[in-house]
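The residues making up each chain are set out below.
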Amino acid sequence: MNDMLNETVNAAAEETAEVIAEEAAGINTEIVSDESENLLEVKDLTVEFHTDSGIVQAINGLSFSLKAGETVGLVGETGAGKTTTALAIMGLINCPPGFYKSGEIIYKGKDLMKIPESEYLKIRGREISMIFQDPMTALNPVMPVIDQISEVIKNHKHVSAKEAREEAIEMLKVVRIPPERADEYPHQFSGGMRQRIVIAIALACNPALLIADEPTTALDVTIQAQVLEMMRELRDNFNTSMIMITHDFGVVAETCDKVAIVYAGEVLESGTKRDIFKNPSHPYTVGLFGAIPNLNEDTEFLYQIEGLMPDPMDLPKGCPFAPRCSYAKDICHAEKPCVSRLPGEEHVVKCHKYTGSDENQEIVNEEWRDE
Amino acid sequence: MSEHPYLEVRHLKKYFMTPNGPLHAVDDVSFTLEKGRTIGLVGESGCGKSTLGHMIARLLDATDGEILLEGEDILKYNGRKLKDLRRRIQIIFQDPFSSLNPRKTVYNTIAEPIIIQKMCKSKKEVEDRVFEIMELVGLAERYVNVYPHELDGGRRQRVGIARALALDPELIVCDEPVSALDVSIQAQILNLLKRLQQQFGYTYIFITHDLSVVKHFAQDVLVMYLGQLVEQAPVKELFAHPRHPYTQGLLSAIPSTDIDNVKDRIILKGEITSPINPPDECRFADRCEYVSEACRKKAPQLQRLGDDHLVSCFAPLD
Amino acid sequence: MENNTAATGSRSEYKKHSLWTDVWIRLRKNTIAVIAIIVFLCILIVCLSAPLIYDYDEDIVQPDISRQMQAPSKEHILGCDEIGRDILARIIWGGRITIIVSFCALGIAFIIGIVLGTVAAFYGGWAETIIMRIIDIIMSVPSVLLMITLATLIKPSIPNLTFVVAFGLIPNQARIIRGQALQVIDQEFIKAARVQGASDFRIIVNHILPNALSPIITTTILDIAYAVMTISTLSFLGLGVQQPNPEWGTMLNSGRQYLRQAWHMSTFPGVALTITLMALTLIGDGLRDALDPRMKR
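Residues numbered from 1 in each chain as written. Chains lettered and ligands numbered in written order. Predicted model: local features only at pLDDT ≥ 70, side-chain atom pairs only at ≥ 80, totals over all residues.

## Overview of the overall build of chain A
At step 1: The helix and strand tally for chain A stands at 12 helices and 12 strands.
At step 2: Looking at chain A as a whole, 46% of its 371 residues are labelled buried. (Helix = DSSP H or I, 4+ residues; strand = E, 2+ residues; numbered from the N terminus. Buried ≥ 20, exposed ≤ 12 C-beta atoms within 10 Å, placed from the backbone.)

## So, the interface of chain B and chain A
At step 1: Taken together, the 31 residues of chain B in the interface contact 35 residues of chain A.
At step 2: For the side of chain B that touches chain A, the secondary structure elements donating two or more residues are helix H6 (183–200), helix H7 (211–217) and helix H9 (245–253) of chain B.
At step 3: Of all the elements, H6(B) adds the most residues to the side of chain B that touches chain A, at 8 residues.
At step 4: Residue classes in the side of chain B that touches chain A are distributed as 11 nonpolar, 12 polar and 8 charged. (Contact = placed C-beta atoms within 7 Å. Nonpolar A, V, L, I, M, F, W, Y, C, P; charged D, E, K, R; others polar.)

## What to know about the sheet that holds strand E10 (residues 266–272) of chain A
All names here are of chain A.
At step 1: Reading across the sheet, the 8 strands line up as E6-E7-E8-E3-E9-E10-E12-E11 and stay open at both edges, with mixed pairing between neighbours. Only two strands of the sheet have a single neighbouring strand rather than two, namely strand E6 (128–131) and strand E11 (339–341). Between one strand axis and the next, the sheet turns through 20 degrees on average, direction left out of account.
At step 2: In the sheet, strand E9 (residues 258–263) pairs with E10 via 6 bridges, with the strands oriented antiparallel. (Pairing = 2+ DSSP bridges. Axes fitted to C-alpha atoms, helices over the stretch in contact; angles between N-to-C directions.)

## Comments concerning the interface of chain B and chain C
At step 1: Taken together, the contact pairs 30 residues of chain B with 25 residues of chain C.
At step 2: Among the elements of the structure, helix H2 (79–88), strand E6 (89–92) and helix H3 (106–116) of chain B are those that each provide at least two residues to the side of chain B that touches chain C.
At step 3: Here the side of chain B that touches chain C gets 4 residues from one element, more than from any other, and that element is H3(B).
At step 4: Tallied by class, the residues present in the side of chain B that touches chain C amount to 14 nonpolar, 8 polar and 8 charged.

## Quick word on the pairing of strand E9 (residues 220–225) of chain B
Residues and elements named next belong to chain B.
At step 1: For E9, the buried fraction is high: 6 of the 6 residues fall into the buried class.
At step 2: The alternating pattern of E9 places Asp220, Leu222 and Met224 and Val221, Val223 and Tyr225 on opposite faces, both of which are buried.
At step 3: As paired elements, strand E3 (residues 38–42) and E9 share 4 bridges and run parallel to each other. Residue pairing across strands places Ile39 opposite Asp220, the latter belonging to E9.
At step 4: As paired elements, E9 and strand E10 (residues 228–234) share 6 bridges and run antiparallel to each other. By the bridge assignment, Leu222 is partnered in E10 with Gln232.

## What to know about the sheet that holds strand E4 (residues 64–69) of chain B
All names here are of chain B.
At step 1: One open sheet holds the 4 strands; their spatial order is E2-E1-E4-E5, and the pairing between them is antiparallel. A strand with exactly one partner marks an edge of an open sheet, and here the two such strands are strand E2 (21–33) and strand E5 (72–73).
At step 2: Sheet topology note: the strand E1 (residues 7–18)/E4 ladder contains 5 bridges and is antiparallel. By the bridge assignment, Lys13 is partnered in E4 with Asp64.

## Observations regarding the confidence of the model for chain A
The predicted coordinates of low-pLDDT regions are not to be read in fine detail.
All names here are of chain A.
At step 1: Chain-level pLDDT for chain A is 80 on average; 86% of the residues reach the 70-or-more range.
At step 2: Of the regions scoring below 50 in pLDDT, residues 19–35 engages in 11 contacts with residues more than four places distant in sequence or in other chains.
At step 3: Predicted confidence is poor over residues 357–371, with pLDDT under 50, and the contacts of this stretch with residues over four places away or in other chains come to 18 contacts. (pLDDT = per-residue confidence, 0-100.)

## Thoughts on the pairing of strand E1 (residues 38–51) of chain A
Residues and elements named next belong to chain A.
At step 1: Judged from the 11 bridges that link them, E1 and strand E2 (residues 54–67) form a sheet pairing that is antiparallel. When the sheet's bridge partners are listed, Asn38 is paired in E2 with Lys67.
At step 2: Taken together, the 8 bridges between E1 and strand E4 (residues 98–107) define a ladder with antiparallel strand orientation. Looking at the pairing, Glu48 lines up with Phe99 of E4.

## Overview of unusual backbone geometry
All names here are of chain B.
At step 1: Residues other than glycine seldom take positive phi values, yet Arg58 does so here, at roughly 55 degrees.
At step 2: For Arg58, the location among the structural elements is in the loop between helix H1 (49–56) and E4.
At step 3: With a phi angle near 50 degrees, Asn277 is a residue other than glycine that sits in the positive phi range.
At step 4: Positionally, Asn277 belongs in the loop between H9 and helix H10 (293–297).

## Some details on the packing of helix H11 (residues 248–256) of chain C against helix H12 (residues 264–291) of chain C
How two helices sit against one another is set out by the angle between their axes and by the gap between those axes.
Residues and elements named next belong to chain C.
At step 1: It is the contact of H11 with H12, at a shortest axis distance of 7 Å, that shows an interaxial angle of 150 degrees. With respect to their mutual orientation, H11 and H12 come out roughly antiparallel. Between H11 and H12 the crossing geometry is left-handed. Of H12, the residues touching H11 (which contributes Trp248, Met251, Leu252, Gly255 and Arg256) are Met265, Ser266, Pro269, Gly270, Ala272 and Leu273.
At step 2: Residue classes in the contact of H11 with H12 are distributed as 7 nonpolar, 3 polar and 1 charged. (Parallel < 35°, antiparallel > 145°, perpendicular 65-115°, else oblique. Left-handed = near helix turned anticlockwise from the far one by under 90°.)

## Focus on helix H5 (residues 153–165) of chain B
At step 1: Compared with the 18 Å implied by 1.5 Å per residue over 13 residues, the 18 Å span of H5(B) between its first and last C-alpha is a close match.
At step 2: For H5(B), a buried count of 12 out of 13 residues is recorded, marking the element as mostly surrounded by other parts of the structure.
At step 3: Every buried residue of H5(B) is listed here: Gly154(B), Arg155(B), Arg156(B), Gln157(B), Arg158(B), Val159(B), Gly160(B), Ile161(B), Ala162(B), Arg163(B), Ala164(B) and Leu165(B).
At step 4: Buried-residue contacts for H5(B) involve E6, H3, helix H4 (123–136), strand E7 (171–175) and H6 of chain B together with helix H9 (188–195) of chain C. (Expected span 1.5 Å × (residues − 1).)

## A look at helix H2 (residues 82–90) of chain A
All names here are of chain A.
At step 1: Counting buried positions over the 9 residues of H2 gives 8, a clear majority of the element.
At step 2: Of the residues making up H2, those classed as buried are Lys82, Thr83, Thr84, Thr85, Ala86, Ala88, Ile89 and Met90.
At step 3: Backbone geometry just downstream of H2 places Gly91 in the positive-phi region, at approximately 65 degrees.

Have a look at this one:
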């Protein structure tokens, strides 16, 4: 297993070398595509939480972008900073203890971090909305579901109560909840239905961007399949862009166009779904793929990423993954790697393995290969 | 010894009384398990898989039926015999948070079963045993006096495993041991359990809702739906040729990481119906796309198709 | 398997502490609680050694009209009461009675409450129904009324007073313990203990009680305050501590009539009461934090 991983990583490193060589030969590739196309661009976002026991570095220079109609998957383990990123985009981080240290969140050309709360209120729910993991706590238990949907509509559109209700009933039909159940309370619905109601609320104002935070993690697999299919369908019908936060590569494969691998508050690798699934390059990404039991392959033991995610109060100085990485060199512990491009449309990776100027790239690669 | 299978469950039933009638949590389940093997118990929430596991671990009494361990019905055990049985059957729980007593250090948690079962003569022996087990499950010695809340999920789960291993059991019921863990930690724990099995020949009953974990971990699979067994087969056979429409839907619902071969999925309609007072018909009938008259008339029985393949369906798929 | 950098020393480094050693280690770090403990211990020692300092008949009972309501002076630091008895002596002797009675009452109530509460929570069914219904009935009667009734039924004496106060505390104790125990009982570590073959007694003592007790420490300490007040109330009504026996509550009450002429008569017993109760509350807070390892750091 380790050998196989070794090969994958080395192969990827070789390819990079080629690309860099090509670039040096004068083939100019624009790393950042035209910014105006992006619906959302998160640039170098850094968020800290100041607590009594110290500073929690939740997000450390996280960047990704999203074009209209696209779905990007933020993949990572517990504590990687996925949900904090989502809350930061929604402007829902309490300051204090939260503290935006640097970065920009550019939505439709506007930096959301600079707009006043009053303007944010108009964006939240209308332009950007969010689905949470637990459908039970996301709904108000003492309010009929129809009122919870029409409330969002009333908040954002100037419509009468009656019109709002009619629209809300339409939304219920869209998520295939029988309209005759509109006046029932959340506890009368099953988990899958509740999550569909949450989706109906999120989509009620036809937002341009939907952030889904582990929307199917709490659901059974057959119900998950139903909900995912519905989300895909709605996204296509409403032409909504989506940020899918998940730890499940299967869900990513089924719903996303682009993938960003998040670890310790930064994106270690990102690219199109094909880039990541067919050519995983960062040792962490490769390790994650190896750690999932594969349905089509039989392995005696799963690949094991040793150790734990670093403590966000005490992050390593260099690459955050270095303490767990079996390829780590001195430089990995000492310096943060920069972003390197890999072949493929948008495939980028933050790893020392792929950095370096043209001359020493070969040497670096030689060195890696000896391992 | 050899005429009896290691573990045989016969017509096991567990009904819970509710104000609306009896809840059929486990309804007439039978299966056998050979020593040293791993059987996967799969199904969605509420299918009764945990209830079944808890009955085998003698945490719950059965309403009816027998659980034969090497030919002896352990449901009839009590007192001294039951206490001795505890050494042989242990359980690992799902939630690494609630499964450890927050007021006990790692040492006390692991030492407790040894003290209860009087396995060691002296304090020194207990201590040696605790350190031996900690090493087995990959817990560094420096965690010995640490409280559970100071540990991460993966290490807590290791403590839970250590506690189960302390008595050197034969049969271990693993009740969703990795569902609450992150992917990389899940791999660590699964590898650990597998390594321990190879080393000590444990027999596992592995309860999970994650089919890919079962595929990786178990040799035989039982698929449960609303308290009943719908299909039983060796793992490869089941994944290659599911014969029950529910198994087929369940397998098809797993999101695949293979982005080149996008499979045609069968999305099961509807949701699990209530297990309270179920009518005498196939319990899957409402969600089944192949449903026929016969399915509504009475409940199907488990029938043998091929050597080890059992299905409870009137019209099994090819 | 582990990639820990910290040195793994020899086994002997890992002393195994009991729960209470750990509690004490954590409690020691809490300065306020330590001060409170010291203050309370001083009160306790002084009050319990009252017989060594003052002679009961001479200093406590014997009136001396010449010293009637004398203000604090060199001979009588806290002054004298309406019939000329030394207030300091009476506070110390009175504290002895108050503390002994309230602690004994609380101890009795606590033990009976634990037994009733855990039995009700652990076994459920009939045991629970019977215990909880009886407790509900007791609690539906105003507690002062209940205790007055009880106290009139039996002869006023110090053991009987203890029993009456304890009786009033049991229902609350049992209910709180049951509530806490119920939260613990469903957790998986209880199931784990069962699978190990632990007896019911062991599960209750080792797993349920340690987890159920810490949340009730503060309420228990507050119950002491309640006990002290009950003793005073009953004494005031002539159903508790009988004259000429001193008691803080009775002293407070008798001094109240002379507040204008002799402020010291009610002030000093009041101060004693306040300091004691405050120390107890702070100890309770400290214990609660120390008992809960999750509150560490």
